Structure formats: C-alpha cells, structure tokens
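Take a look at the letters that make up each chain.
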Amino acid sequence: MHFAVFVLVVLGAASAQENPILLASKDFLNDVIAQDKHLTMQYVVHNIGSDVANDVSIDDSVGFPTTDFEVVTGSLEATFDQIPAGANVTHVVVIKPLISGMHNFIPAKVSYKNSNGDELVTFSSFLDNNPILSTTEYNRKYSPHLVDWLIFIALCSPVLLIPFLMWNRSHSKYEALAAKAKKN
Amino acid sequence: MLVFAILAAVVGLISCDCQNPVGESKVYTTTNLPLATETAFVIEFKSQCTDSKLSAVLGSEVLPVYTTPAGLSMISVVKTHKDLPADSYSVDIYDESGIVAYKTFLKEGGDAPKPLQSVAVSHPGVSKEGLPIQSEFIVMVAYLLVWWFANTVKSKISE
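Every value quoted in this text rests on a predicted model; they were computed, and no experiment measured them. Throughout this description, residue numbers start from 1 for each chain and increase along the sequence as written. In the order they appear in the text, chains get letters beginning with A and ligands get numbers beginning with 1. This being a predicted model, a pLDDT of at least 70 is required before a residue's local features are given, and a value of 80 or more before pairs of side-chain atoms are given or counted; all residues contribute to the totals for chains, interfaces and linings. Side-chain numbers come from the whole structure's heavy atoms, not from hydrogens or water.

### A short note on the overall build of chain B
Reasoning step 1: On a plain count of helices and strands, chain B comes out with 3 helices and 8 strands.
Reasoning step 2: Secondary structure elements follow DSSP: runs of H or I of four or more residues count as helices, runs of E of two or more count as strands, with numbering from the N terminus. When the helices and strands of chain B are listed from N to C terminus, the series reads α-β-β-β-β-β-β-β-α-β-α.
Reasoning step 3: Relative accessibility under 20% of the residue-type maximum defines a buried residue, over 50% an exposed one, and the middle range a partly exposed one, all with a 1.4 Å probe and only protein chains included. Across the 159 residues in chain B, those meeting the buried criterion constitute 34%.
Reasoning step 4: Restricting the contact set of chain B to residue pairs at least 6 apart, pairs at least 24 apart contribute 66%.
Reasoning step 5: As displayed, chain B offers around 10000 Å² of accessible surface, 61% of which is attributable to carbon and sulfur atoms. Here a residue-residue contact requires only that any non-hydrogen atoms of the pair lie within 4.5 Å. For every accessible area listed, the method is Shrake-Rupley and the probe measures 1.4 Å; residues are considered covered only by the protein chains on display.

Given below as structure tokens:
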C-alpha cells in the first residue's frame, strides 16, 4: 500500500515537472496611491516548470472595475504567446483610481496551456487592502502649498510692515530735522 | 510566363516579411517621482504584421511583444530610475528570424542585424511635482532675511 502511494507520488511529481508552472507576482510601483493620480501596476510571470507555457493570459479586470478605476495606458488583460521554461515576462498597466478609501487589491488571474493543450490556471500574489488617498489628503501631504504660504505672508505682512513704516516715517522726519539743524 | 509571374507573386506574398510592423503607436514613461518607485516604459501600437511573432530590443535586453484584447500590441519594461535616466531611447522591433540573428549577435559578436523598425521613446526623467525646492525652505530663508534686516536696523538704532 505504502509502495503504491509512493509510486503515485513519484509519477505525479514526474508529470508535474513536465508541465509549465507559472508563478505570478502583482505589485504597484507607487509609494503613494491617490485618487486621480497615476497608479502603475506591474505583473511579472515566471515559468519555473521545465516546459513552455503557451497562450499565457493575465486578467486583472475584476480587481479594477471600470466604475472605480480608469485605464490610462496599457490594458488590464494581456496575452503572451509563450513563456519558455525558466523565463519570465513583465506586463505593466497604468490606471487612475476614481475613488478613495481602502481598496482590496485582489490577485490577478493567469491562465495558460501546456504542450498538450490543457488549460491551467493560477493567481498572482495578493496585495491585501491598501489605502487610496483622496485628492484633499494627497494635496495636504504632497502639494507645495504655495497658495497657503501666500495667504500666510499676506496676513503676517501688516504685523511687520505697519510698525516699520511708522518708525521709518518718524526716523526720516528726524533725520531731515537733524540735517537742517546741521546746515544752519 | 504569365502563370509563372503570378505564381511568383503569390509565393512572394505568402512568404514576405513585414517591413514596418509598427503602425500608430502610443508611448508612456513614468515622470512623477512620488508616484513611482521604478521607471516604466509602456509602448502600445497597432501591429501591421499579424502573422509574425515580434520581439523588441531595448539596450541589449530582449523583450516580448504581447497583445491585448483590443487588438493592440504592447511592450513593457520596468527598471530602476538610475537604469532609465532622462534620455531618448530606441526600441527596435524584430521578427522571429531577426531576433534569432540578434541573439546570435549577442553571443558571438559581429554586425548587429537591422531591425524591422524602431520606436523612439523620449523619456524626460522622473521629478517631483511643483517647485524643485520645497516652499517651506523658501519661506524659512525669506523669514531669516527679514529677521536679519530687522536686527541690523535695531542695532543701528541702539548705537
């Protein structure tokens, strides 16, 4: 019985080794994810099997519905003709979140075929819940605040300018009087 | 003779290599520093060579040309900001025989095979949004100048 199980495991392992085995990673290249700002998604698919993977298709359209995300460049679905054994490929898509708040970055679906034409499916890595900053929050942290500083300077100016102008006026008056007295 | 000419034309059509595979193209490069830890180039184009399997070369790296459901062909590359600085790049497109010749050239040297077509990518580099210097630093320098001026005037009055 044990021997039969052992033979089955070895046969299974041998046949698995002849199949392509794809590992997919999904990552965003952003330090910050914000509403209406570009979010660059990178998908890397590695073939760690010993056979070529055919018709490799990456589909992440479920993870980024069109109601919440807009595609800026690229596509949420891509198809590679082949990924040879030991090779890897990269796919990039740039999207723009239309919403803010926590978003669940679910794994992308990767489907492919082995040399027998059997369809195999795997999923990319999972990015979990990540916050998407609203436009207000992003601007509070990362914008140059030029308007805020101009308002601050405009409000501080009377506090500095009025005493200076008063002093300057009386100083000029006494300087003029002193110069007149010296002349005389 | 006419039959022979027609046959030659048909054979030529069947076996002809696509000379200009890249139709209308769209290029995207990363430009905003806080929004990207690495630089990405994304090239989308309508392939005029639907029967040829295309590959791309950027620098000496071979990249696959893949397709999207919209019928466009795409090339993607991601590298660190240091490896893709602001510059003009040329992405060369090869068909199957061309890329084999290119890989042979990489291994054995000799003359690089001529690509079918090249796509120009002008990358302005990554930078922060807004001013190159933080506004807080500018205001601090301005404040220090005002303080220095006021202090100078006060010292003169005190003399």
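### A look at the interface of chain A and chain B
Often, the extent of an interface is quoted as the loss of accessible area upon association of its parts.
Reasoning step 1: If you look at the interface, chain A gives 31 residues, while chain B gives 29 residues.
Reasoning step 2: Buried area, as used here, totals the accessible surface that two parts lose on assembly, with accessibility defined by a 1.4 Å probe and the loss added over both. Buried surface at the junction of chain A and chain B, summed over both partners, amounts to about 2700 Å²; 64% is from carbon and sulfur atoms.
Reasoning step 3: When residues of chain A are sorted by the area they lose upon contact with chain B, Leu29(A), Thr73(A) and Trp149(A) head the list and together hold 20% of the total.
Reasoning step 4: The salt bridge definition used is simple: a Lys or Arg side-chain nitrogen within 4 Å of an Asp or Glu carboxyl oxygen. Our enumeration of links across chain A and chain B arrives at 0 salt bridges.
Reasoning step 5: Any pair of N or O atoms that falls within 3.5 Å is considered a polar contact. Within protein, one atom must be able to donate a hydrogen and the other to accept it, and sequence-neighbouring residues count only if both atoms are side-chain atoms. Where chain A packs against chain B, one counts 9 residue pairs in polar contact (both at pLDDT 80 or more).
Reasoning step 6: At 6 residues, the largest contribution of residues to the side of chain A that touches chain B is made by strand β5 (residues 77-83) of chain A.
Reasoning step 7: Residues are grouped as follows: Ala, Val, Leu, Ile, Met, Phe, Trp, Tyr, Cys and Pro are nonpolar; Asp, Glu, Lys and Arg are charged; all remaining types, including Gly, are polar. Class assignment for the residues of the side of chain A that touches chain B results in 15 nonpolar, 12 polar and 4 charged.

### Observations regarding the environment of Met41(A)
Residues and elements named next belong to chain A.
Reasoning step 1: Position of Met41 among the secondary structure elements: in strand β2 (residues 39-47).
Reasoning step 2: Met41 sits in the buried class, given a relative accessible area of 0%.
Reasoning step 3: Residues contacting Met41, with those up to four places away along its chain left out, are Lys26, Asp27, Phe28, Phe64, His91, Val92, Val93, Ile95 and Leu127.

### Notes on the layout of surface pockets
Reasoning step 1: Cavities and pockets are found on a 1 Å grid laid over the protein atoms alone: a cavity is a set of points where a 1.4 Å probe fits but cannot escape, a pocket is an open set with protein on both sides within 12 Å along at least five of seven lines, and a lining residue has an atom within 4 Å of such a point. Grid points are joined across faces, edges and corners, and a volume is the space filled by probe spheres set on the points. The volume enclosed by the largest pocket comes to roughly 690 Å³.
Reasoning step 2: Counting residues per element, the ones that place at least two in the lining of the largest pocket are α3 (146-183) of chain A together with α3 (135-158) of chain B.
Reasoning step 3: Here the lining of the largest pocket takes 11 residues from α3(B), the largest share from any one element.
Reasoning step 4: Of the residues contributing to the lining of the largest pocket, the split by class is 17 nonpolar, 2 polar and 1 charged.
Reasoning step 5: Looking at the second largest pocket, its volume works out to about 580 Å³.
Reasoning step 6: If you list the elements that add at least two residues to the lining of the second largest pocket, you get β5 and β6 (88-97) of chain A together with β4 (61-64), β6 (73-79) and α2 (96-108) of chain B.
Reasoning step 7: Its residues placed into classes, the lining of the second largest pocket shows 14 nonpolar, 6 polar and 6 charged.

### Some remarks on the packing of aromatic side chains
Reasoning step 1: Within 6.5 Å between ring centres, the rings of Phe, Tyr and Trp (the latter by its six-membered ring) count as paired, and their orientation is classed by plane angle as stacked under 30 degrees, edge-to-face over 60, tilted in between. If you walk through the whole model with that rule in mind, you get 11 aromatic pairs over all chains.
Reasoning step 2: Through a chain of ring-to-ring contacts, the aromatic side chains of Phe28(A), Phe64(A), Phe69(A) and Phe105(A) assemble into a single cluster.

### Some details on the environment of Asn19(A)
All names here are of chain A.
Reasoning step 1: Turning to its location among the elements, Asn19 is positioned in the loop between α1 (2-18) and β1 (22-28).
Reasoning step 2: Excluding anything up to four places from it in sequence, Asn19 contacts Gly49, Ser50, Asp51 and Asn114.
Reasoning step 3: Engagement of the side chain of Asn19 in a polar contact is seen with the side chain of Asn114, the distance being 2.8 Å.

### Remarks on the pattern of salt bridges
Should their charged atoms come close, side chains of opposite charge can pair.
Residues and elements named next belong to chain B.
Reasoning step 1: Evaluated as defined, the whole model comprises 4 salt bridges over all chains.
Reasoning step 2: Taking the shortest distance from any N to any O, the salt bridge between Lys26 and Glu44 comes out at 3.7 Å. A residue pair is termed long-range when its members are at least 10 positions apart, and Lys26 in strand β1 (residues 22-29) and Glu44 in strand β2 (residues 39-47) qualify at 18 residues.

### Observations concerning the nonpolar core
Reasoning step 1: In these notes, a set of buried Ala, Val, Leu, Ile, Met, Phe, Trp, Tyr and Cys residues joined through side-chain atoms within 4.5 Å is what counts as a nonpolar core. Counting 35 residues, the largest nonpolar core has Leu22(A), Met41(A), Tyr43(A), Val56(A), Phe64(A) and Ile95(A) as its most contacted members.
Reasoning step 2: Looking at this core, the elements with two or more residues in it are β1, β2, β3 (53-59), β5, β6 and β8 (109-113) of chain A together with β2 and β6 of chain B.
Reasoning step 3: Considering each element in turn, this core owes the most residues, 5 residues, to β6(A).
Reasoning step 4: By size, the runner-up hydrophobic cluster in this structure holds 18 residues, among which are Phe41(B), Ile43(B), Ile75(B) and Leu116(B).

### Thoughts on the pairing of β1(A)
All names here are of chain A.
Reasoning step 1: Residues Leu22, Ala24, Lys26 and Phe28 of β1 are buried on one face, while the alternating residues Leu23, Ser25 and Asp27, pointing to the opposite face, are not.
Reasoning step 2: At least two DSSP bridges between two strands are required for those strands to pair. In this sheet, β2 lies alongside β1 in antiparallel orientation, the contact comprising 7 bridges. Each residue of the ladder has a partner; that of Asp27, found in β2, is Gln42.

### Here's the deal with the sheet that holds strand β7 (residues 87-94) of chain B
In sheet architecture, strand pairing relies on hydrogen bonds along the backbone and comes in two forms, parallel and antiparallel.
Residue and element names in this part refer to chain B.
Reasoning step 1: Taken together, the 4 strands give an open sheet; going across it, the order is β4-β3-β7-β8, and neighbouring strands pair in antiparallel fashion. For this open sheet the edge positions go to β4 and β8 (117-123), each flanked by a neighbour on one side alone. For this sheet, the mean angle separating the axes of adjacent strands, direction not counted, is 30 degrees.
Reasoning step 2: When strand β3 (residues 55-58) meets β7, the two strands line up antiparallel, connected through 3 bridges. In the sheet register, Ser55 faces β7, and the bridge partner there is Tyr94. Working convention: axes come from line fits to C-alpha atoms, limited for helices to the stretch in contact. Angles between N-to-C directions cover 0 to 180 degrees.

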